[in-house]
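Coordinate analysis (summary)
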Amino acid sequence: MNIGDFLKELPGKKLDEKLFLLKYKPHEKSHLVIKDPSKCLLCEKKQCTHICPSKTYEWQEERILISHENCLECGSCRIVCDEFNNIDWQYPPGSFGVTYKYG
């Protein structure tokens, strides 16, 4: 079962309640990298900040910040970054990343 299927199986719950059912074990090195931050400044839509359910990407002033430890590993960010293909996204190594607390 992938993360999308898991979250769909919980009707009637808010996203924050669903996210509480997940466990995170972040790796010390980010599995998300912005290839060229200057390209992000040219992006008009800033889609990665809107599509990410866990708010991994955030703009502060003229700079994009990544909180890789929040990532649900859904890959939405790399798909919507179609204008510049500027997000280098990989699964975290080994036993790191998101797991289910129950099941």
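Residues numbered from 1 in each chain as written. Predicted model: local features only at pLDDT ≥ 70, side-chain atom pairs only at ≥ 80, totals over all residues. Heavy atoms only, no water.

**Focus on the overall build of the protein chain**
Short version of the rule: Numbered from the N terminus, helices here are DSSP runs of H or I no shorter than four residues, and strands are runs of E no shorter than two. For the area figures, the Shrake-Rupley method with a 1.4 Å probe applies, and any residue is considered shielded solely by the protein chains shown.
Across its full length, the protein chain holds five helices and six strands. Ordered by position from N to C terminus, the α and β elements of the protein chain give α-α-β-β-α-α-β-β-α-β-β. Summed over its atoms, the accessible surface of the protein chain is roughly 7200 Å², and 52% of this surface lies on carbon and sulfur atoms.

**Describing the packing of aromatic side chains**
Applicable threshold: Here a Phe, Tyr or Trp ring, Trp counted by its six-membered ring, pairs with any other such ring whose centre lies within 6.5 Å, and the pair is stacked when the planes are under 30 degrees apart, edge-to-face when over 60, and tilted otherwise. When a residue's accessible area, from a 1.4 Å probe over protein chains only, is under 20% of the maximum for its type it is buried; when over 50% it is exposed; and in between it is partly exposed. Any Lys NZ or Arg CZ found within 6 Å of a ring centre and within 35 degrees of that ring's normal is scored as a charge over the ring.
Inspection of every chain in the model, using the stated rule, returns one aromatic pair. On the basis of an interplanar angle of 70 degrees and a centroid distance of 4.9 Å, the ring pair of W89 and Y91 is categorised as edge-to-face. A relative accessible area of 56% means that Y91 is categorised as exposed. Here K25 stacks its cationic end above the ring of F96, 5.0 Å away from the centre of that ring. Cation over ring: K46 sits above W59, and NZ or CZ is 4.6 Å from the ring centre.

**Regarding the pairing of strand 3 (residues 57-60)**
Here is the rule we go by: Any two strands are treated as partners once DSSP identifies two or more bridges connecting them.
As paired elements, strand 3 and strand 4 (residues 63-66) share four bridges and run antiparallel to each other. From the neighbouring strand, Q60 faces strand 4, where its bridge partner is R63.

**Focus: the nonpolar core**
What tends to happen in soluble globular proteins is that the nonpolar side chains get buried as a cluster. Inclusion rule: Only buried residues count toward a nonpolar core. Its members are Ala, Val, Leu, Ile, Met, Phe, Trp, Tyr and Cys residues joined through side-chain atoms within 4.5 Å. Between two residues, a contact is recorded if the distance between any of their heavy atoms is within 4.5 Å.
Within the largest apolar cluster, 12 residues are counted, these being L32, I34, C40, C48, C52, Y57, I64, C71, C77, C81, I87 and W89. Residue assignment for this core shows that the elements contributing at least two residues are strand 2 (32-34) and strand 5 (87-89). If we skip the residues at most four places from it in the chain, C81 touches N86 and I87.

**So, the environment of N86**
Checked against the element boundaries, N86 lands in the loop between helix 5 (76-80) and strand 5. Taking relative accessible area as the criterion, N86 reaches 3% and is therefore assigned buried. As a C-alpha pair, N86 and C40 span 46 residues in sequence and 7.8 Å in three-dimensional space. Every residue in contact with N86, bar those within four places of it in the chain, is listed here: V33, I34, K35, D36, P37, K39, C40 and C81.

Honestly, it's all geometry; don't read function into it.
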